[in-house]
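So the chains spell out like this:
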Amino acid sequence: MYIAMTDVAALMGDRCYAAAVEQLWEDVVQRKTYITGGLGARHQGEAFGAAFELPNTGAYSETCASVAAMLWNHRLFQLRGEAKYIDVLERTLYNGFLAGVALTGKDFFYSNPLARRAAGRGRVPWFPCACCPTNVARFMPAIGGLVYATRGRSVYVNLFVGGRSRLEVDEDEVSVAQRTQYPWDGRVVLQVSTVRALRFSLLLRIPGWARGEALPGGLYRYAEGGAGCSWRVLVRGEPYPAALEDGYAVLDREWCDGDEARLELELPVRCVLADERVPAARGRVAVERGPLVYCAEAADHGGTVIDLLLPDGCEHHLHPERDANLLGGAALLQGSARRAVLLEDGSVSTEPARLRMVPYFAWAHREPGSMQVWLPRTADLAELPAAPTLATGATPSSSHRWHADTLAAVNDGLVPASSSDRDVPRMTWWRHRGTEEWVQLDLEAPAEIAATAIYWYDEGGRGGCRAPESWRLLFREGQAGPWCPVELVTGSSYGTEKDAFNRVDFVPVRADAVRAQVRLRKGFSGGVLEWRLFPTSAPDPRSQKEGVVVGPGGPHEGRRLLLRGRQALGRDGGAPPCAPTALRRRRRVEGGREG
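Thresholds, definitions, all that
Residues numbered from 1 in each chain as written. Predicted model: local features only at pLDDT ≥ 70, side-chain atom pairs only at ≥ 80, totals over all residues. Heavy atoms only, no water. Helix = DSSP H or I, 4+ residues; strand = E, 2+ residues; numbered from the N terminus. Areas by Shrake-Rupley, 256 points an atom, 1.4 Å probe, with all protein chains shown as cover. Salt bridge = Lys/Arg side-chain N within 4 Å of Asp/Glu carboxyl O. Buried < 20%, exposed > 50% of the residue type's maximum accessible area, 1.4 Å probe, protein only. Pairing = 2+ DSSP bridges. Arc of directions from axis to C-beta. Axes fitted to C-alpha atoms, helices over the stretch in contact; angles between N-to-C directions. Parallel < 35°, antiparallel > 145°, perpendicular 65-115°, else oblique. Left-handed = near helix turned anticlockwise from the far one by under 90°. Contact = heavy atoms within 4.5 Å. Nonpolar A, V, L, I, M, F, W, Y, C, P; charged D, E, K, R; others polar.

Focus: the overall build of the protein
Across its full length, the protein carries 6 helices and 32 strands. Within the structure as shown, the protein displays about 26000 Å² of accessible surface, and the carbon and sulfur contribution to it stands at 49%.

Regarding the pattern of salt bridges
This structure, assessed with the given rule, holds 35 salt bridges. Two residues, Arg-80 and Glu-22, come together in a salt bridge whose shortest N-O distance is 3.8 Å. Taken together, the residues span a long stretch of sequence, with Arg-80 in helix H3 (residues 63-80) and Glu-22 in helix H2 (residues 15-31) at a distance of 58 residues. Among the residues examined, Arg-80 registers a relative accessible area of 33% and is labelled partly exposed. Residue classification places Glu-22 among the buried positions, given a relative accessible area of 11%. For Glu-436, the salt bridge goes to Arg-519, with nearest N and O atoms at 3.6 Å. Of this pair, Glu-436 sits in strand E25 (residues 436-457) while Arg-519 sits in strand E28 (residues 501-519), and the two are 83 residues apart along the sequence.

Re the sheet that holds strand E10 (residues 238-239)
On the basis of which strands lie adjacent, the open sheet formed by 6 strands has the order E4-E5-E6-E13-E9-E10 and antiparallel pairing. Each edge of the sheet is formed by a strand with only one pairing partner; in this case those strands are strand E4 (163-169) and E10.

Some points on helix H1 (residues 2-12)
Listed as buried for H1 are Met-5, Thr-6 and Ala-9. The buried residues of H1 occupy an angular sector of 100° when projected down its axis, which confines them to one face. Among the exposed residues of H1, those oriented more than 90 degrees off its buried face are Leu-11 and Met-12. Backbone geometry just after H1 places Gly-13 at a positive phi near 65°.

A closer look at the packing of H2 against H3
Following both chains from N to C, one finds H2 and H3 inclined at 135°, their axes separated by 12 Å at the closest point. Of the possible angle classes, the one that applies to H2 and H3 is oblique. The chirality of how H2 crosses H3 is left-handed. Residues Ala-18, Ala-19, Val-21, Glu-22, Leu-24, Trp-25 and Val-28 of H2 pack against Trp-72, Asn-73, Leu-76, Leu-79 and Arg-80 of H3. Looking at the contact of H2 with H3 residue by residue, the classes come out as 9 nonpolar, 1 polar and 2 charged.

Right under this line is the structure:
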């Protein structure tokens with residue numbers, strides 16, 4: 001729609017449309033664009049969010065939206081002739097767009113988050129709705145058409161890409177050959193070929209990042225105060241005093257066959273801060289070098305990056321380093337940071353940590369794990385990894401899983417903020433609706449379990465996932481053993497509440513696997529954000545910041561909890577055949593203890 005409006009403004013000379021499109025662009029760039037150039041905060045409706053709503057883990061930032069953003073910015077450049085539109089296009093091209101396709105060109109991301117708190121699904125070859133792979137396939141060959149533009153006797157050099165192009169300057173033909181290793185190196189050499197001497201203007205874009213502008217409008221700014229990087233232009237090996245107009249260095253002169261123009265751009269490592277009105281980036285810092293945004297991956301940091309922080313000034317210790325055998329020879333950033341640690345007294349401190357950052361477009365090409373673009377500047381925003389538990393050590397499986405979700409979400413130890421929290425990974429049965437499904441945990445070793453708690457995924461009125469209609473817990477002792485239902489203690493029930501862990505207490509069982517058997521609501525799907533298991537020796541977690549008020553004697557104080565005897569007995573009045581041998585007796589729980 002925005003592209004079409006821009007075309008109408010250009011072709012019809014409609015000033016009202018032109019003004020409206022410019023206002024839309026300013027709103028998008030100044031309030032709703034990710035530092036990667038990605039667009040779209042909300043998965044539901046594939047929509048922009050409110051102003052400054054730019055979540056990291058929950059970012060939608062669809063690959064297709066990046067394609068649309070680049071096409072729109074190119075149209076606006078054609079309409080206005082200003083470098084700021086190409087600045088946005090370049091940021092999107094090297095970050096939000098390229099991250100959507102693997103280095104092999106064969107696998108794709110549909111959405112492109114800026115953080116991942118745990119291992120998640122990587123790129124895949126295809127999607128049921130395959131708009132992203134096809135958009136990538138049609139846009140990649142079109143990049144060559146974005147490098148140059150002409151208007152009258154002006155030749156615009158918008159992107160720095162090696163190759164040769166034939167251009168028409170009025171009625172004269174000009175050939176331009178470009179040599180560069182950009183974005184790894186800031187040197188760009190342009191050789192002009194003409195049949196005869198011609199006077200025309202060669203306009204070299206000086207990128208916004210080189211002029212001290214992270215993004216037009218100030219949504220992001222460089223930490224050192226916005227000073228630009230050094231750059232210079234040479235013609236025939238001599239410095240050329242080019243005037244800067246609308247973001248372009250203008251070389252207005254007579255060009256002869258074989259003349260060379262050289263642009264030299266400094267590529268320092270720089271820290272970027274976001275507008276304070278962006279909650280997800282407040283108190284955090286991102287790292288760039290040239291047009292590239294960088295991120296930290298678990299593969300380089302002992303399995304997690306959620307506890308890393310980058311205090312002010314640390315960027316001065318980051319330096320580029322290339323390894324031809326790693327991520328296609330991309331320039332990585334090596335240096336030092338800090339890591340949050342929990343002290344014995346319960347307080348949080350920091351310790352030195354080695355830091356390696358990779359270009360955002362190259363993330364998720366090694367073993368899966370956490371990732372962050374926006375690193376905390378102080379320890380209070382760092383997240384300590386969850387301590388290993390009975391559940392986190394288990395292997396999850398399910399009757400079905402939506403291709404964009406991850407089974408690891410079931411037991412990654414990450415506590416959601418709500419049932420619709422998109423800042424944590426999820427496992428859903430989408431697009432199964434109203435069906436009976438299951439999710440299972442196979443334990444590392446048999447254990448005695450007395451309770452479980454599940455945090456359901458529920459999109460509320462926004463989507464097609466709801467907390468289930470009902471569920472029950474089954475256990476198995478031994479791979480050849482039958483699946484048997486647990487016996488709930490009196491007062492416990494299978495909850496389907498939103499925004500909370502739904503805990504179930506039962507007669508302790510010895511199991512090597514547990515399975516939640518779920519009945520989805522009619523017309524809806526559902527899913528799980530987190531699943532906990534509690535061994536018989538574990539304290540009741542509801543007294544430990546789970547949002548449930550518990551009396552001084554615990555949740556069972558003053559209540560006599562009896563087993564449902566009829567369900568616990570077999571036909572002969574003894575233990576049911578699926579009960580573990582060690583537990584084949586009636587039990588009574590009173591005051592939280594076996595009686």
